[in-house]
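Next come the chains, spelled out residue by residue.
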Amino acid sequence: MPVYDFHCHSDQSDGALSPEALVSRAKEFGVTHLALTDHDSIAGLARAQAQAIIERVHMISGIEFSSQWAGCGVHVVGLNIDTTSKPLLDAIAQQARVRVDRAALIAEKLHKAGIEGALEGAEAYAKGGAIGRPHFAQYMVEVGAVANMAQAFKRYLGAGKIGDVKSGWPETEEVVEWIVEAGGIAVLAHPAKYKMTRSKLCRLTESFAEAGGGAIEVLSGKQPVGLAENLAKIANQFNLAGSCGSDFHTPGQPWQELGCASTLPSTVQPVWKLIPHLSSL
Ligand code: AMP
Ligand code: MN
Ligand code: MN
Ligand code: MN
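First, a word on scope: everything that follows refers to the structure included in this document. In this text, all values refer to a predicted model and were calculated from it rather than measured experimentally. (Residues numbered from 1 in each chain as written. Chains lettered and ligands numbered in written order. Predicted model: local features only at pLDDT ≥ 70, side-chain atom pairs only at ≥ 80, totals over all residues. Heavy atoms only, no water.)

**Things to note about the pairing of strand S5 (residues 185-188)**
Here S5 shows two buried faces, one formed by Ile185 and Val187 and the other by Ala186 and Leu188. Sheet topology places strand S4 (residues 72-79) next to S5; four bridges connect them, and they run antiparallel. Each residue of the ladder has a partner; that of valine 76, found in S5, is leucine 188. Bridge analysis of S5 against strand S6 (residues 215-220) gives two bridges, and the strand direction is parallel. The residue bridging leucine 188 from the neighbouring strand is isoleucine 216, located in S6. One crossover worth recording links S5 to the parallel S6 by way of helix H8 (residues 198-210), and it is right-handed. (Buried < 20%, exposed > 50% of the residue type's maximum accessible area, 1.4 Å probe, protein only. Helix = DSSP H or I, 4+ residues; strand = E, 2+ residues; numbered from the N terminus. Pairing = 2+ DSSP bridges. Right-handed = clockwise from strand over helix to strand, strands pointing away.)

**Concerning the pattern of salt bridges**
A side chain with one charge may pair with a side chain of the opposite charge, provided their charged atoms come close. Here the structure, examined in full by the defined rule, presents seven salt bridges. Residue aspartate 90 is joined to lysine 86 by a salt bridge in which the shortest nitrogen-to-oxygen separation is 3.0 Å. With aspartate 90 and lysine 86 both in helix H3 (residues 86-112) and four residues apart, the pair spans about one turn of that helix. By relative accessible area, which is 39% here, aspartate 90 ends up partly exposed. Note on lysine 86: relative accessible area 54%, which makes it exposed. If you follow the salt bridges from partner to partner, you end up with Arg133, Asp164 and Lys166 in one network. (Salt bridge = Lys/Arg side-chain N within 4 Å of Asp/Glu carboxyl O.)

**Some remarks on the pairing of S6**
As a general feature of sheets, a regular strand has side chains that alternate between the two faces. Among the six residues of S6, six are classified as buried, and the element is accordingly described as predominantly covered. Pairing geometry for S6 and strand S7 (residues 241-245), over five bridges, is parallel. Bridging from a neighbouring strand, glutamate 217 pairs with serine 243 of S7. The parallel pair S6 and S7 is bridged by helix H9 (residues 227-237), and the resulting crossover is right-handed.

**Quick notes on the sheet that holds strand S3 (residues 58-69)**
An order of S1-S2-S3-S4-S5-S6-S7 is seen for the seven strands of this open sheet, with the pairing classed as mixed. Looking at the sheet topology across the chains shown, the edges are occupied by strand S1 (4-5) and S7. Strands in contact with helix H2 (residues 45-55) are strand S2 (33-36) and S3; relative to S3, the strand with the most contacts, it is inclined by about 150°. Across the face of the sheet, H9 comes into contact with S6 and S7 while running at roughly 175° to S6. (Contact = heavy atoms within 4.5 Å. Axes fitted to C-alpha atoms, helices over the stretch in contact; angles between N-to-C directions.)

**So, the coordination of the manganese ion (ligand 4)**
Octahedral six-donor coordination of a metal ideally yields angles of 90 or 180 degrees, compared with 109.5 degrees for tetrahedral four-donor coordination. On the protein side, the manganese ion (ligand 4) has His7 (NE2), His9 (NE2), Glu64 (OE) and Asp247 (OD) as donor atoms, found 2.1 to 2.2 Å from it. If you list the donors of the manganese ion (ligand 4) from N- to C-terminus, the spacing comes out as H-x1-H-x54-E-x182-D. (Donors = N, O, S within 2.8 Å, 3.2 Å for Na, K, Ca; no water.)

**Concerning the packing of aromatic side chains**
Taken as a whole and judged by the stated rule, the model has four aromatic pairs. Aromatic pair tyrosine 4 and tryptophan 272: ring centres 3.5 Å apart, planes at 10°, arrangement stacked. One end of the pair, tyrosine 4, is in strand S1; the other, tryptophan 272, is in the segment after S7, and 268 residues separate them in sequence. Consider the rings of phenylalanine 6 and tryptophan 272, whose centres lie 6.4 Å apart with planes at 75°: the pair is edge-to-face. (Phe/Tyr/Trp six-rings, centres within 6.5 Å; stacked < 30°, edge-to-face > 60°.)

**Some remarks on the environment of serine 243**
With respect to the helices, strands and loops of the structure, serine 243 is situated in strand S7. Separated by 13 residues in sequence, serine 243 and asparagine 230 have C-alpha atoms that sit 14 Å apart. Not counting residues up to four positions away in its chain, the partners in contact with serine 243 are Phe6, Leu79, Val187, Ala215, Ile216, Glu217, Val218, Leu219, Leu264 and Val271.

Spatial relationships are all this shows, so hold off on functional conclusions.
So this is what it looks like as structure tokens:
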């Protein structure tokens, strides 16, 4: 039985494991088809691919782009992208600049809130990879400004808080176009995480489909009962396929462990049917 995981992170963005260790862990947890989808980065793909050959795991190239739609931060996964596409590489370079500028802004806001040295602190955790809010959260735990990562997001970094800086991100529709232009499939990531009303989520899904989106994540990690079926209905309403992934970041979080979200409802077309070399599965 194939086990698909089309959404996870390595230490090239905010994950804990190297690309090699990530692929080995995926194998351990039974994953047969894996897409590494680091935030706004493809830096880990070649190393993951090399390890996937050793581990006999089928690797699909991936990325998770940050964007905004109607003022909300929205994530779009790109699957089976051509990683040599010049427009895609330009887009990734642009996102990297946005991340660097955004990190400085987040640090400024935290400074005003009495937290010193956050830029250097977060950079140390990012280790040269795509810097993000979890790196700030790690630093804030280190200096005792908060008790844990969850509290850092709740008080400072989460939606609507001072450190939630998203003004630099491109529109969701533009990101979809980047992915399609690079021959990939654009997937609306973890739709339930945006905490939108159903009608707003449908409007987002409609613009996403019109821009060329191919699928939505019907399964993202371990979900409440009934959510997958609900999301499958939305996928079908807009003629989109369904994707699945753990959104794995770090060991010790069983609700987003590698391979934990692989069985799509039978009512939705699986996203791998849209990937030419997997479409016969
Ligand atoms: P960024 O890419 O910098 O916008 O940061 C977003 C990332 O922060 C997500 O991909 C998650 O990994 C992480 N994140 C978001 N919300 C929380 C939370 N409440 N607790 C812990 N991590 C979170
Ligand atoms: Mn993340
Ligand atoms: Mn995400
Ligand atoms: Mn993710």
